[in-house]
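Report on the structure
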Amino acid sequence: MKESVGDLLDYITWRGDLSFVQSPFCAVDALVLSQLSYIHFDGLVTGDFSSRKTLFDLYTTFTRDADYESRCQVGAVINSNTPELLKAASASNRFGLIEICGYESVLDEEKEEQFAAMTFILDKKTAIVVFRGTDDTVLGWKEDFNIIFQKAIPSQISGVEYLNRASRAFKHDILVSGHSKGGCVAMFSAINCEPKAQKKIKSVFNFDGPGFSEDFYKSPQFLKVKDKIHSFYPYFSVVGMVFHHPQSYKIIGSSGFTVFQHDAFSWNISGNDFIYCEDFADESKLFHQSFNEWMNELSLEDRKRFVDVFFDVIYASGAKTNLEIENNKLQASAKMIAAIGALPSEDRKHVTRMIHMFLKTGKNNIPMFAAFKPELNLKANIEEVIEKIKDK
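Residues numbered from 1 in each chain as written. Predicted model: local features only at pLDDT ≥ 70, side-chain atom pairs only at ≥ 80, totals over all residues. Heavy atoms only, no water.

Let us look at the sheet that holds strand S7 (residues 229-234). Taken together, the 9 strands give an open sheet; going across it, the order is S1-S2-S3-S4-S5-S6-S7-S8-S11, and neighbouring strands pair in mixed fashion. Both edges of this open sheet fall to strand S1 (53-54) and strand S11 (276-277), since each of them pairs with a single strand only. One ladder, built from 8 bridges, connects strand S2 (residues 99-108) with strand S3 (residues 113-121); its direction is antiparallel. Across the sheet, residue serine 105 finds its bridge partner in S3, namely alanine 116. Docked against the sheet, helix H6 (residues 138-145) engages S2 and S3, running at close to 95 degrees with respect to S3. (Pairing = 2+ DSSP bridges. Helix = DSSP H or I, 4+ residues; strand = E, 2+ residues; numbered from the N terminus. Contact = heavy atoms within 4.5 Å. Axes fitted to C-alpha atoms, helices over the stretch in contact; angles between N-to-C directions.)

Below, the structure written as structure tokens:
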């Protein structure tokens, strides 16, 4: 019999009638909740851990809210089926009676922080803390890139503080999970939280989260909890290949194309587990090698300057989200290319190198990079356009 392959919505169709008693909580369940964290529940769920709402009740409130349509617009880089996933999960026996509480969301331009966390109560014994990954905001992407020169980005610090508070609020065993930056925050928080909180942690799920330095994985803090960490990456991983990843991990097959595989909806599922691959795609390994070699050439000061300059270019578009860039491609492209043309030659070299690297792997999936596609620039490449600008 041929193996059935599906996505997150198919998983709920297949397994949604089963309780966690009938079929224990698994990594796919953690991914479902991690994907739901991309929806903005501001005003629908409080930050109080004692004030809880079932997923069924949350969806009812969600659909009746005056901002329902805008809440469903998750952006250009988050799968548009995410609200549909909430609908399916809330109507299922498996997820419908899960309680959500402790919702926290931060978007701080001064601190350069994009952070969100929430806690799901699975039953009387177990809670799972979920950290949101990078959302559609340019600020969220800026914080991600800050990882290359900061020892700890603000979201990681907030994650530790949140996990400590959640641990104090419950006697439950704790699971920790996140996709993309959320996976990185989940790992960092579990490793750096209070000892009492750490003792409660049973598992940490890292879904294609960006990595850390090699020294991080040799530290006593990491070694203390490494056996609790379960890392998953798609066959073609870009985000998870930034810096270094844990030695123990699983590679998931995906229906997505290149960087589209970062989208959790593209990950192949059969029954109650993912479908796994033996190794990463060659292109993914090449990106990992090229990016890390490039970063090793730069000092921390140079890395910081590069990130600041690069995002000055992105912000020159006037957009605050990838969706805004997507909806105004020509105008955004012209403004950003003009900003690149005004840069000193060394800065321009690094910025164009980054754009080329992501265009090669990202194709059309990330608007802030796709705005530099040749067809938007009269078939000319970036350097040619920049030279024309400089000559004027």
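Of all hydrophobic cores here, the largest spans 75 residues; its most connected members are Phe131, Phe291, Phe310, Phe311, Ile325, Met354 and Met368. Core analysis: the next-biggest nonpolar cluster, separate from the first, contains 45 residues, Leu33, Phe41, Leu122 and Phe207 among them. (Core = buried A, V, L, I, M, F, W, Y, C linked by side-chain atoms within 4.5 Å. Buried < 20%, exposed > 50% of the residue type's maximum accessible area, 1.4 Å probe, protein only.)

Turning to the pairing of strand S5 (residues 173-179), a few remarks are in order. By the criterion of burial, S5 is predominantly enclosed, with 6 of the 7 residues buried. The sheet contact formed by strand S4 (residues 126-131) and S5 spans 6 bridges and is parallel. Counterpart to valine 130 in the pairing with S5 is serine 177.

Moving on to the packing of helix H2 (residues 27-36) against helix H5 (residues 82-90). The N-to-C vectors of H2 and H5 enclose an angle of 125 degrees; their axes lie 9 Å apart at closest approach. Looking at the two axes, H2 sits oblique to H5. For the pair H2 and H5, the sense of crossing is left-handed. Only Thr82, Leu85, Leu86 and Ala89 of H5 make contact with H2, whose side of the interface consists of Val32, Gln35 and Leu36. For the contact of H2 with H5, the per-class residue count stands at 5 nonpolar, 2 polar and no charged. (Parallel < 35°, antiparallel > 145°, perpendicular 65-115°, else oblique. Left-handed = near helix turned anticlockwise from the far one by under 90°. Nonpolar A, V, L, I, M, F, W, Y, C, P; charged D, E, K, R; others polar.)

Applying the stated criterion across every chain yields a total of 19 salt bridges. Between lysine 304 and aspartate 308 there is a salt bridge, with its nearest N and O atoms 2.8 Å apart. Here aspartate 308 and lysine 304 lie together in helix H12 (residues 300-315), a separation of 4 residues that amounts to about one turn. Salt bridges linked by common partners bring Glu112, Lys142, Lys304 and Asp308 together as one network. (Salt bridge = Lys/Arg side-chain N within 4 Å of Asp/Glu carboxyl O.)

What follows deals with the packing of helix H1 (residues 8-15) against H5. At their nearest, the axes of H1 and H5 sit 10 Å apart, and the two run at 10 degrees to each other. Relative to H5, the element H1 is oriented roughly parallel. Every residue of H5 that contacts H1 at Leu8, Leu9 and Ile12 is listed here: Glu84, Leu85, Ala88 and Ala89. Of the residues assigned to the contact of H1 with H5, the class counts are 6 nonpolar, no polar and 1 charged.

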